[in-house]
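Listed below are the residues making up each chain.
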Amino acid sequence: MLRLHGFAVSNYYNMVHLALLEKGLAFETVEVYGSQSEEFLAISPRGKVPVLQTEHGYLSETGAILDYLEDLGQGRPLLPAEPFARAQVRALMREIELYIELPARSCYAEAFFRMPVDAAIKDKARGELMAGIATLKRHGRFAPYVAGERFGLADLYFLYSLDLAEVVAQRLFGLDLLEGFPAARALLERLQQNPHVQMIAAQKEAGMAEFMAHLRSKA
Ligand SMILES: N[C@@H](CCC(=O)N[C@@H](CS)C(=O)NCC(=O)O)C(=O)O
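Residues numbered from 1 in each chain as written. Predicted model: local features only at pLDDT ≥ 70, side-chain atom pairs only at ≥ 80, totals over all residues.

**What to know about the domain arrangement of the chain**
Counted only if it meets this: Each domain's limits were defined by an automated method or a database of domain assignments. A pair of residues counts as a contact when their C-beta atoms, built from backbone coordinates, are within 7 Å of each other. Note on conventions: DSSP H or I runs of at least 4 residues are helices, E runs of at least 2 residues are strands, and numbering of each starts at the N terminus. Following the grouping adopted for this structure description, the nonpolar residues are Ala, Val, Leu, Ile, Met, Phe, Trp, Tyr, Cys and Pro, the charged ones are Asp, Glu, Lys and Arg, and the polar ones are all others, Gly among them.
Split by domain assignment, the chain resolves into domain 1 (2-77) and domain 2 (83-195). The straight-line distance from the C-alpha centre of domain 1 to that of domain 2 is 21 Å. Contact with domain 1, which involves 8 residues of that partner, is made by 8 residues of domain 2. Those elements giving two or more residues to the side of domain 1 that touches domain 2 turn out to be helix 1 (11-23) and helix 3 (62-71). Here the side of domain 1 that touches domain 2 gets 6 residues from one element, more than from any other, and that element is helix 1. Looking at the side of domain 1 that touches domain 2 residue by residue, the classes come out as 4 nonpolar, 3 polar and 1 charged.

If you want it as structure tokens, here you go:
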């Protein structure tokens, strides 16, 4: 059986967790934090979660894991069948990750953990975030899902990147990232009604105190 390694506060872990639930695949979870221990690096070369344990071995990197799950051809598809439409979804996933999630991530320490981030990094993140949102506005279809009429892989990146990016923009820059982007706001609200999303949110909430203690133990 597939085993998903990671922890419920991780947004990338939650992308794969939601994919497995929405696809209806059988899986187990194994709670583990990312680390640079030799033991963990043996299953995740960069020491990050999520990691998917399969009958063939361990797989890391969320995009690769999601592709693998689609390639299994089991459960509900989260990519369209037609090659160009699939490529468009992948482009949206990359755009959300590179131009929204990663700039926001450079500021998570200050936004969520009260650890100051260098002003130059924050300045850069702010510009990149605005450009990332403009990119999504141009490319996303929001009909009502990011790539069109069906829920799919781009929605996983959207849901678990925009929520954090919004908090970063609000707390660090006093900006409402989705101002003037009602379709994105409506989609976030729609996705939050999904019972799997609600279950994952409850697990995140439940895991937060332990995660904070883990961070403190590393500091
Ligand atoms: N590029 C990776 C990013 C995953 C990632 O950043 N995971 C974070 C948790 S959200 C992590 O494991 N951090 C632990 C660490 O860096 O020590 C992916 O797509 O899976």
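Additional details are given in the paragraphs that follow.
**With respect to the sheet that holds strand 4 (residues 57-60)**
Applicable threshold: A strand pair is defined by DSSP finding two or more bridges across the two strands. Convention adopted: a line fitted to C-alpha atoms gives each axis, helices being fitted over their contacting stretch, and angles between N-to-C directions are expressed from 0 to 180 degrees.
Here we have 4 strands laid out as an open sheet, ordered 2-1-3-4, and mixed in their pairing. Looking at the sheet topology across the chains shown, the edges are occupied by strand 2 (27-31) and strand 4. Going across the sheet, the axis of each strand differs from the next one's by a mean of 25°, ignoring polarity. Relative to strand 3 (residues 51-54), strand 1 (residues 2-6) is paired through 3 bridges, and the arrangement is antiparallel. Bridge pairing in strand 3 links His-5 to Val-51. Helix 1 rests against strand 1, strand 2 and strand 3 of the sheet, and its axis sits at about 155° to strand 1.

**A closer look at unusual backbone geometry**
The cut-off we apply is this: Buried residues are those with 20 or more other C-beta atoms within 10 Å of their own C-beta, exposed residues have 12 or fewer, and partly exposed residues lie in between; C-beta atoms are placed from the backbone.
Note that the residue after Val-49, namely Pro-50, is joined by a cis bond; omega there is 10°. Within the fold, Pro-50 resides in the loop between helix 2 (38-41) and strand 3. At the junction of Ala-143 and Pro-144, the peptide bond is cis and its omega measures out at 0° in the coordinates. Among the secondary structure elements, Pro-144 is positioned in the loop between helix 6 (119-139) and helix 7 (153-173). Phi at Glu-61 takes a positive value of approximately 80°, unusual for a residue other than glycine. Mapped onto the elements of the fold, Glu-61 is located in the loop between strand 4 and helix 3. For Glu-61, a count of 17 C-beta atoms within 10 Å translates into the label partly exposed. Backbone geometry places Phe-142, a non-glycine residue, at a positive phi of 50°. Positionally, Phe-142 belongs in the loop between helix 6 and helix 7.

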